[in-house]
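Fold and contact review
Here's the letter readout for the chains.
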Amino acid sequence: MIELLQTDILQRALIAAVLIGLCAPAVGTFIVQRRLALLGDGIGHIALTGVALGFLTQTAPVITAVIVSVAGAIVIELVRARGRTSGDVALALLFYGGIAGGVMLMSISPGGSSTKLNSYLFGAIALVSDQDLWIIGGLAVAVIGVVLVFGRELFVLCQDEEMAKASGLPVRMLSMIIAVTAALTVVIAMRVVGLLLVSALMVIPVATGQQFTRGFRATMALAMVFGVLAAVGGLLGSTVSTRVPPGAAIVLVALAGFVAALGVGRFVRRGRTREPAVSRRPSIRMEEVS
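Notes on the overall build of the chain
- Within the chain, the secondary structure is distributed over 12 helices and 0 strands.
- Counted from the first residue to the last, the chain has its helices and strands arranged as α-α-α-α-α-α-α-α-α-α-α-α.
- Relative to its 290 residues, the chain shows a buried fraction of 47%.
- For the chain, contacts bridging at least 24 residues in sequence account for 77% of all contacts bridging at least 6.
- Total accessible area computed for the chain in this model is approximately 13,900 Å², and 66% of it derives from carbon and sulfur atoms.

A short note on the packing of aromatic side chains
- Per the counting criterion, the structure on display carries 3 aromatic pairs.
- In textbook terms, an aromatic cluster arises when at least three aromatic residues are bridged by ring pairs, as seen for Phe30, Phe155 and Phe216.

Observations regarding the packing of helix H7 (residues 130-159) against helix H9 (residues 171-189)
- Two elements in contact, H7 and H9, have axes whose closest approach is 9 Å; the angle formed by their N-to-C orientations is 145 degrees. Helix-helix and strand crossings are classified by hand; for H7 and H9 the assignment is left-handed. In this structure, H7 contributes Ile136, Leu139, Ala140, Val143, Val146, Phe150, Glu153, Leu154, Leu157 and Cys158 to the contact, and H9 contributes Val171, Leu174, Ser175, Ile177, Ile178, Thr181, Leu184, Thr185, Val187 and Ile188.
- Residue composition of the contact of H7 with H9, grouped by class: 16 nonpolar, 3 polar and 1 charged.

Section: empty space enclosed by the protein
- One pass over the full model with this rule turns up 2 cavities of 30 Å³ or more.
- One number sums up the size of the second largest cavity: a volume of about 40 Å³.
- In terms of lining, the second largest cavity is formed by Val27, Phe30, Val146, Val147, Leu154, Ile177, Ile178 and Thr181.
- Secondary structure elements with two or more residues in the lining of the second largest cavity: helix H2 (8-33), H7 and H9.
- Of the residues assigned to the lining of the second largest cavity, the class counts are 7 nonpolar, 1 polar and no charged.

Details of the confidence of the model for the chain
- Summarising the model, the chain shows a mean pLDDT of 79, and 83% of its residues fall at 70 or more.
- Ranking the elements of the chain by mean pLDDT puts helix H1 (residues 2-5) last with 55 and helix H10 (residues 198-209) first with 89.
- Every residue in residues 277-290 is under pLDDT 50, and counting partners more than four places away or in other chains gives 23 contacts.

Remarks on the nonpolar core
- Counting residues in hydrophobic clusters, the biggest one holds 62 residues, and the most contacted among them are Ile188, Met190 and Met202.
- The element contributing the most residues to this core is H2, with 10 residues.
- Excluding its chain neighbours within four sequence positions, the residues that come into contact with methionine 202 are Ala24, Pro25, Val27, Gly28, Thr29, Ile31, Gly40, Ala182, Thr185 and Val186.
- Among the nonpolar cores identified, the runner-up in size contains 16 residues, and Leu154, Cys158, Ile178 and Phe216 belong to it.

Observations regarding helix H11 (residues 216-240)
- In this model H11 runs 36 Å from its N-terminal to its C-terminal C-alpha over 25 residues, within 8% of the 36 Å that 1.5 Å per residue would give.
- Of all the residues in H11, the buried ones are Phe216, Thr219, Met220, Ala223, Met224, Gly227, Val228, Ala230, Ala231, Gly234, Leu235 and Ser238.

A short note on the environment of alanine 37
- Within the fold, alanine 37 resides in the loop between H2 and helix H3 (39-57).
- A relative accessible area of 33% places alanine 37 in the partly exposed class.
- A C-alpha to C-alpha distance of 9.8 Å links alanine 37 and isoleucine 204, two positions 167 residues apart in sequence.
- With near-sequence residues (within four places) excluded, alanine 37 lies in contact with Ile31, Ser199 and Val203.

Regarding H10
- Taken across its 12 residues, H10 has 10 buried, putting it largely inside the fold.
- When we look at burial in H10, the residues that qualify are Val198, Ser199, Ala200, Leu201, Met202, Ile204, Pro205, Val206, Thr208 and Gly209.

What counts and what doesn't
Residues numbered from 1 in each chain as written. Predicted model: local features only at pLDDT ≥ 70, side-chain atom pairs only at ≥ 80, totals over all residues. Heavy atoms only, no water. Helix = DSSP H or I, 4+ residues; strand = E, 2+ residues; numbered from the N terminus. Buried < 20%, exposed > 50% of the residue type's maximum accessible area, 1.4 Å probe, protein only. Contact = heavy atoms within 4.5 Å. Areas by Shrake-Rupley, 256 points an atom, 1.4 Å probe, with all protein chains shown as cover. Phe/Tyr/Trp six-rings, centres within 6.5 Å; stacked < 30°, edge-to-face > 60°. Axes fitted to C-alpha atoms, helices over the stretch in contact; angles between N-to-C directions. Left-handed = near helix turned anticlockwise from the far one by under 90°. Nonpolar A, V, L, I, M, F, W, Y, C, P; charged D, E, K, R; others polar. 1 Å grid on protein atoms, 1.4 Å probe; cavity = no way out; pocket = protein on both sides within 12 Å on 5 of 7 lines; lining within 4 Å. Points joined across faces, edges and corners; volume = space filled by probe spheres on them. pLDDT = per-residue confidence, 0-100. Core = buried A, V, L, I, M, F, W, Y, C linked by side-chain atoms within 4.5 Å. Expected span 1.5 Å × (residues − 1).

Next up, the structure:
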């Protein structure tokens, strides 16, 4: 194991795993609060079209995936906000159209193959190049920056959209920020856990963190910790056997952590004393908005 840690391939993989372990739960906290847990899946499917477009045009698949997934996220948010169809239907359009477009474009792309398609669908973190790592790092900085700058406003929006409007917040712009940030997170994660499993790393660590805390910031912080532990633990576990896919291992480690948290969380809640009602503002309690 020590010798493996000294290789460039595993070092790049660990850096990528840590970055996605931080970003996915941070964005996922807002998505879970807004009851759009499947948004990552929808964007992940349409990002596949962007990947295939990169192979078709012989450009960087990560860059084309960013462009297509951001465009798709904006479209889905516009459709959802205008109420012409439900959010579930709009997500379904992303599911079916994105995956079908990606498979079709990949099949006619020069050099396209089912092996390359599977590497993006289920992750191939060992194939992360230096160029991919720089792009992933830049996107990760952008995602964390958005969370730090707009975190308070985004939480108010996720808690109660009508209250956000009454407070004078730019609801439409903030909704777009959540959608675009989710799209960037999907692209970051596609080389780590794959487009079909990315939503799991955005949701499961958040659900795990909710077992121990009720505060929004504390939940996000714990979710990021659990996300990093799951990403790194799954990656290191997959190095023991080359037959274990890293993406699947990461998700299974996250699920195992959630199951363990269910039991441990019960003891934590039993031993916790009732907090005095210092404030009745619902924005400081997780259960009232989740």
